[in-house]
Amino acid sequence: MHVPTVDIVIVNWNTGRYLRNCIQSLAVAQRNGWRFGHVIVVDNASSDDSAQDLPRLAVPLTVVVNKSNVGFAAACNQGAALGSGDYVLFLNPDTQVFPSTLSAAVAFLESCAGSRIGICGARIVNASGNPASSFARFPTLRGITGRMTGLDQVAPRLFPRYQFDERRTSGPVDQVIGAFFFVRRPLFQKLFGFDEGYFLYYEEVDFSLRARQLGWVSYHLREAVVFHAENVSSKQVVAARLFHSLRSRTEFAYRHWPWADRITLIALSVMVEFPARCIRAAASRDWNQFRDVRAAYVRYLRYLALHDRS
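Values in this document were obtained by computation on a predicted structure and should not be read as measured data. (Residues numbered from 1 in each chain as written. Predicted model: local features only at pLDDT ≥ 70, side-chain atom pairs only at ≥ 80, totals over all residues. Heavy atoms only, no water.)

So, on to the environment of Ala132. Position of Ala132 relative to the elements: it lies in the loop between strand 6 (117–125) and strand 7 (135–136). By relative accessible area, which is 8% here, Ala132 ends up buried. Spatially, the C-alpha atom of Ala132 lies 29 Å from that of Cys112, the residues being 20 residues apart in sequence. (Helix = DSSP H or I, 4+ residues; strand = E, 2+ residues; numbered from the N terminus. Buried < 20%, exposed > 50% of the residue type's maximum accessible area, 1.4 Å probe, protein only.)

As C-alpha cells, this is what we get:
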C-alpha cells in the first residue's frame, strides 16, 4: 500500500526563535497515513543566525543557506526542487502546526472528496486562538479600490472585501493564505512552480489562479489548524514590505488583468492610495510610518519608470 510522502519547504529570513518553534511543532506532528519526505529550510541570507544549529529532532532536516536574498518565490522553488514527495507544503517559519494538522490535510487530499483539490489551506489562528485571515478572493480592480478607499466597509456589495477572516465550514475558495500552502507535487511541476517575477507577495495568488485555469481547486480545510504569528520577517523592513506589496500587485495585474484595469490600478495607487496613506500617518503623528510610506512609493515610482509596458 502506497503511503504518501510530504516535503515541507520553509523559507527563512531573520525569524529568530520562530523558525525553531516551527520545526519543533513538525517533530511532534501525528503521522497517520503519511510520512515525511524532506523538511527543507531555505535561508535567504539571514543576519540573525536563525538558521544555525536547528534542532534535528525526528525530522529529516536539510538546511540551504543562500548568500543573498533571492526572494520568496525563488527560494520556495529552490527548496521544492530538493524533494520528490507526493505533496509539497510551503510553510511560513512563524507558524506552528498542531499535532493533527498534517494528517487532516493528507487524509482529505487522499480521499475521493479531495481528488480534484490541488491546493489545501488551513484554518489560521493567532496567538490568542482567534481566527485570522485564512483565504481570500482573487484580486480585482473593484476589490482593491474598495480597500484603498474604505468603500469596502460602507458598500461591501459594490466593493467586496478581498480577505475573509473566518467561515463556519470547509469548502472551495479562490485562494488560501500562503502561510500554509499544501500542494500536489504534479500540479506544482506542471505550473513550473511559483513565478519568480514576484520577489515577495502575490506568488501564491498567481499560482492559485493559474491552477484554477487548469481546473484545479483551492480548498479551505477547517479541520487543519495552524498558528501564525504574522509578519515576523516583513515588519523588520516596513518600507520594503510596502514596496514589494505594491510591485507584486502591479505585476499580478499585468499578468492577469485587461489593459484598462492595469492602468487604472497604477493611477489609483499613486494618486489616491499614496496621499491617503500619508494623510493617515500624519494625522496620527506617526512620522516613522510617514517616512516608510514615502520611501516605498519613491521605489514604486522608480519601478514603474523602469518597467514601462505601455
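And the narrative resumes.
Summarising the element assignment, Ser103 is placed in helix 3 (residues 101–110). For the pair Ser103 and Leu191, spaced 88 residues apart in the sequence, the C-alpha separation amounts to 25 Å. With residues up to four places along the chain from it excluded, the contact list for Ser103 reads Gln30, Arg31, Asn32 and Trp34. Within the structure, the side chain of Ser103 is placed 3.1 Å from the side chain of Trp34, a separation counted as a polar contact. (Contact = heavy atoms within 4.5 Å. Polar contact = N/O pair within 3.5 Å; in protein donor to acceptor, adjacent residues only side chain to side chain.)

Attention now goes to the nonpolar core. Counting residues in hydrophobic clusters, the biggest one holds 38 residues, and the most contacted among them are Ile8, Ile10, Leu26, Leu91, Leu102, Phe180 and Phe182. Every element with two or more residues in this core is listed here: strand 1 (5–12), helix 1 (17–27), strand 2 (35–44), strand 4 (87–91), helix 3, strand 6, strand 11 (180–184) and strand 12 (217–228). Not counting the four nearest positions on each side in its chain, Ile8 is found in contact with Leu26, Phe36, His38, Val39, Ile40, Leu89, Leu91 and Leu102. (Core = buried A, V, L, I, M, F, W, Y, C linked by side-chain atoms within 4.5 Å.)

Attention now goes to the environment of Pro4. With respect to the helices, strands and loops of the structure, Pro4 is situated in the segment before strand 1. Pro4 gets classed as buried once you look at its relative accessible area, which sits at 4%. Every residue in contact with Pro4, bar those within four places of it in the chain, is listed here: Gly33, Trp34, Arg35, Asp86, Tyr87, Val106 and Glu110.

For the rest of this paragraph, the subject is the side chain of Ser134. Among the secondary structure elements, Ser134 is positioned in the loop between strand 6 and strand 7. Taking relative accessible area as the criterion, Ser134 reaches 2% and is therefore assigned buried. At 2.9 Å, the side chain of Ser134 and the backbone nitrogen of Ile124 are in polar contact.

Now for the packing of aromatic side chains. The tally for this structure, following the rule as stated, stands at 17 aromatic pairs. Taking the centre distance of 5.7 Å and the plane angle of 35° together, the rings of Phe188 and Phe207 count as tilted. Placement of the pair is Phe188 in helix 6 (residues 185–190) and Phe207 in helix 7 (residues 203–213), with a sequence separation of 19 residues. In this structure, Phe188 and Phe207 share a single accessibility class: buried. Considering the side-chain rings of Phe194 and Phe207, the 5.3 Å spacing of their centres and the 55° angle between planes classify their relative orientation as tilted. On the criterion of sequence distance, the pair formed by Phe194 in the loop between helix 6 and helix 7 and Phe207 in helix 7 is long-range, its members being 13 residues apart. Here Phe194 matches Phe207 in class, with each residue buried. Within the aromatic cluster, the residues linked to one another by ring pairs are Phe90, Phe181, Phe188, Phe194 and Phe207. (Phe/Tyr/Trp six-rings, centres within 6.5 Å; stacked < 30°, edge-to-face > 60°.)

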